[in-house]
Amino acid sequence: MSASAAAGVKMVAARPCISASQGMLASRAAVSRIETTARFASCPKICCSRPLSSKRAGYVVRAMSGESTPQGLPIDLRGKRAFIAGVADDNGYGWAIAKALAAAGAEILVGTWVPALNIFETSLRRGKFDESRKLPDGSLMDIVKVYPLDAVYDCPEDVPEDVKLNKRYAGSSNWTVKEVAETVKNDFGSIDILVHSLANGPEVTKPLLETSRRGYLAAISASSYSYVSLLQHFLPIMNPGGASISLTYIASERAIPGYGGGMSSAKAALESDTRVLAFEAGRKGKIRVNTISAGPLGSRAAKAIGFIEKMIEYSYVNAPLQKELLADEVGNTAAFLVSPLASAITGSTVYVDNGLNTMGLAVDSPTITS
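Everything in this summary refers to the structure shown in the same document. Model, not experiment: these values are computed from the prediction.

1. Focus: the sheet that holds strand β5 (residues 143-149)
Strand pairing within a sheet occurs via backbone hydrogen bonds; the two strands may be parallel or antiparallel. Spatially, β5-β4-β3-β6-β7-β8-β9 is the arrangement adopted by the 7 strands of the open sheet, whose pairing is parallel. One side of each edge strand has no neighbouring strand; the edge strands of this open sheet are β5 and β9 (349-352). Each strand axis lies, on average, 20 degrees off the axis of its neighbour in the sheet, ignoring direction. In this sheet, β9 lies alongside strand β8 (residues 288-294) in parallel orientation, the contact comprising 4 bridges. In the strand pairing of β9, A294 is matched with V352. Against the sheet, helix α1 (residues 93-103) makes contact with β3 (81-85), β4 (107-113), β5, β6 (191-196), β7 (238-248) and β8, and its axis sits at roughly 175 degrees relative to β3, the strand it touches most. The sheet strands contacting helix α5 (residues 213-234) are β3, β6, β7 and β8, and the helix crosses β6 at an angle near 170 degrees.

2. Regarding unusual backbone geometry
Of note in the backbone geometry, K286 takes a positive phi value of approximately 55 degrees without being a glycine. The class of K286 is exposed, set by a relative accessible area of 61%. With a phi angle near 60 degrees, N354 is a residue other than glycine that sits in the positive phi range.

3. Re the pattern of salt bridges
Any two side chains of opposite charge can pair, so long as their charged atoms come close to each other. Applying the stated criterion across every chain yields a total of 8 salt bridges. The shortest N-O distance in the salt bridge between R81 and E107 comes to 2.5 Å. With R81 in strand β3 and E107 in strand β4, this residue pair connects regions lying 26 residues apart in the sequence. In this structure E107 comes out as partly exposed when scored by relative accessible area, which is 28%.

4. Observations concerning the packing of aromatic side chains
Taken as a whole and judged by the stated rule, the model has 8 aromatic pairs. Geometrically, the ring pair formed by W95 and F120 is edge-to-face, given 6.5 Å between the ring centres and 80 degrees between the ring planes. Of this pair, W95 sits in helix α1 while F120 sits in helix α2 (residues 114-125); the two residues are 25 residues apart in sequence, bridging distant segments of the chain. Take W95 and F120: they sit in the same class, and that class is buried.

5. Focus on the packing of helix α4 (residues 177-188) against α5
As a packed pair, α4 and α5 sit with axes 9 Å apart at the nearest point and diverge in direction by 35 degrees. At the point where α4 passes α5, the crossing takes the right-handed sense. On α5, the residues touching V177, K178, V180, A181 and V184 of α4 are S229, L230, H233 and F234. Of the residues that constitute the contact of α4 with α5, the class distribution is 6 nonpolar, 2 polar and 1 charged.

Reading the values: rules and limits
Residue positions are counted from 1 within each chain, in the order its sequence is given. In view of the model being predicted, local features appear only for residues whose pLDDT reaches at least 70, and side-chain atom pairs are presented and counted only at 80 or more, with totals across whole chains, interfaces and linings using the full set of residues. With hydrogens and water set aside, each side-chain value is computed from the structure's full complement of heavy atoms. Strands are labelled as partners when DSSP assigns at least two bridges between them. Only DSSP runs of H or I with at least four residues qualify as helices, and only runs of E with at least two residues qualify as strands; both kinds are numbered from the N terminus onward. As a rule, the C-alpha atoms of each element are fitted with a line to give its axis, helices using only the stretch in contact, and angles between N-to-C directions run from 0 to 180 degrees. Residue contacts are defined here by distance: any two heavy atoms, one from each residue, within 4.5 Å place the two residues in contact. Whether a residue is buried, partly exposed or exposed follows from its accessible area with a 1.4 Å probe, protein chains only, as a fraction of its type maximum: under 20%, in between, or over 50%, in that order. Salt bridges are identified by distance alone: a Lys or Arg side-chain nitrogen within 4 Å of an Asp or Glu carboxyl oxygen. We call Phe, Tyr and Trp rings a pair once their centres come within 6.5 Å, taking the six-membered ring for Trp, and we label the pair stacked below 30 degrees between planes, edge-to-face above 60, and tilted otherwise. In a left-handed crossing the near helix is turned counterclockwise from the far helix by less than a right angle, and in a right-handed crossing that turn is clockwise. Under the scheme applied, nonpolar residues are Ala, Val, Leu, Ile, Met, Phe, Trp, Tyr, Cys and Pro; charged residues are Asp, Glu, Lys and Arg; polar residues are all the others, including Gly.

Below is the structure:
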């Protein structure tokens, strides 16, 4: 499965940090709305207006008799700015999350793995993503700026000489985590939302017993420490009350044969770090930190491990909800988690997998079926 939820790890021969692109074949992002139908028989409709300065009155309520207004609790991210690390195509989790946040009104910035930057920007410019950029209201998602990013390196001093001279990095600059955070600060001043959709395990197809130290540490570096580094460098420019999320996978707590190379360890570390970062970022910057554990999705990246189709079939047969898991369902959850509607949720691992994580026994097991 992918490093960022079951979707898969994009395997590249170059350096170990890549866009997780944990997506599925179609990533539709829509914003969930909670519909309410309760009305008072003798009272006019009311809606929230601008905040008052009074400490007691959180919001002004005004009569709306005869005026048509939307019902429910919308996910409203207007005026918020999001930086999404790990968008390199239009079929991954990062893209689905970007669309959901954009649909809710957020301004979108993305960080793309340096060797994939040229292809991504060219495809975006030539309109190859226009169909998948469509938002629920018919408009196209606007990506305000694309930044080159390799989250394996914290600062320029960390970059090996062979990487600096690599032709796939030619023409790009300021792509280490520290430099990207500084550039975003210079360009926009601050952000409200930070999304980590990065992962890679160069030896993901190897059993853990056959994984080298180098491969194991590379998986940890690209898939879990990269989140620590991103939050460390972006926290100073995040507005209080903001939120950050990452993507994990159930291999962090269950044995998934075939998901090797230290990736299960990296996901376990990511979930543990989520809890610690939630405390530290909450106390230091009033920032909420959560992670989404998503089920298997058929992205191009996921195919690197060789059995993603079987995992999708297994999930469909054994999960409580027998339906296809869509990338936009992960995107919708992300939009909720970074919105004011989730203002008291932090340090949590939220499962978006049709309930597969709750199962202790496979219903299609030969032992059961026989």
